[in-house]
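Report on the structure
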Amino acid sequence: MYPNLRAEMARNRIKLEDLAKEVNCTVGTVSNKLAGKQPLLFSEACIIQKRVAPEIPLETLFEEEAV
């Protein structure tokens, strides 16, 4: 759902497990949030941005795929 985020995660070798620890939830929950199956809170997005790519604006990192 967020191709820029996924690309940066791959570039930086960051796994869903890493993000789950950062936002204090399960890997399944993080997976669901990034897939759009559960809401992603703004505070969680900020935490993820700081861990994955702090130099990239939130709007760019969490830009959704064009349908």
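Above this text sits the structure in question.
Every chain begins its residue count from 1, and numbering advances along the sequence as written. Residues qualify for local features only when their pLDDT is at least 70, as the model is predicted, and side-chain atom pairs are given and counted only at 80 or more; totals for whole chains, interfaces and linings, by contrast, use all residues. Note that water and hydrogens are dropped before the side-chain values are worked out from all heavy atoms of the structure.

Here we come to unusual backbone geometry. With phi around 55 degrees, arginine 13 is a residue other than glycine that occupies positive phi space. When you line up the elements, arginine 13 lands in the loop between α1 (3-11) and α2 (16-23). Overall, the relative accessible area of 74% leaves arginine 13 in the exposed class. One non-glycine residue, asparagine 24, adopts positive backbone phi at about 60 degrees. With respect to the element layout, asparagine 24 can be found in the loop between α2 and α3 (27-35). Helix and strand labels come from DSSP, where a helix needs a run of H or I of at least four residues and a strand needs a run of E of at least two; each type is numbered from the N terminus. Only protein chains enter the accessibility calculation, which uses a 1.4 Å probe. A residue is then buried if its area is under 20% of the maximum for its type, exposed if over 50%, and partly exposed in between.

In contact at an axis separation of 10 Å, α2 and helix α4 (residues 42-52) are set at 130 degrees when each is read in the N-to-C sense. In terms of orientation, α2 and α4 fall into the oblique class. As α2 packs across α4, the resulting crossing turns out to be right-handed. In contact with Asp18, Leu19, Glu22 and Val23 of α2, α4 contributes Glu44, Ile47, Ile48, Arg51 and Val52. Grouping the amino acids of the contact of α2 with α4 by side-chain chemistry returns five nonpolar, no polar and four charged. Only the stretch in contact is used when a helix axis is fitted, and all axes are lines through C-alpha atoms; the angle between N-to-C directions ranges over 0 to 180 degrees. Every angle not falling under 35 degrees, over 145, or within 65 to 115 is termed oblique; those three ranges are roughly parallel, roughly antiparallel and roughly perpendicular. By the definition used in this description, the sense in which the near helix is turned from the far one sets the handedness, with an anticlockwise turn below a right angle giving left-handed and a clockwise turn giving right-handed. Any two residues whose heavy atoms approach within 4.5 Å are treated as being in contact. Only Asp, Glu, Lys and Arg are considered charged, only Ala, Val, Leu, Ile, Met, Phe, Trp, Tyr, Cys and Pro nonpolar, and every remaining residue, Gly among them, polar.

To continue, consider α1. Along α1, the residues classified as buried are Leu5, Glu8 and Met9. An end-on view of α1 places all buried positions within 105 degrees of arc, on one side of the element. Seen from the open side of α1, the exposed residues pointing more than 90 degrees away from its buried face are Ala10 and Arg11. Of the surrounding elements, those touching the buried residues of α1 are α2, α3, α4 and α5 (58-61). The arc under discussion is defined with respect to the helix axis, by the directions toward the C-beta atoms.

This brings us to the environment of alanine 45. Structurally, alanine 45 can be placed in helix α4. Residue class for alanine 45 comes out buried when judged on its relative accessible area of 8%. When the C-alpha positions of alanine 45 and arginine 11 are compared, they lie 18 Å apart, and in sequence the two are 34 residues distant. With near-sequence residues (within four places) excluded, alanine 45 lies in contact with Leu40, Leu58 and Phe62.

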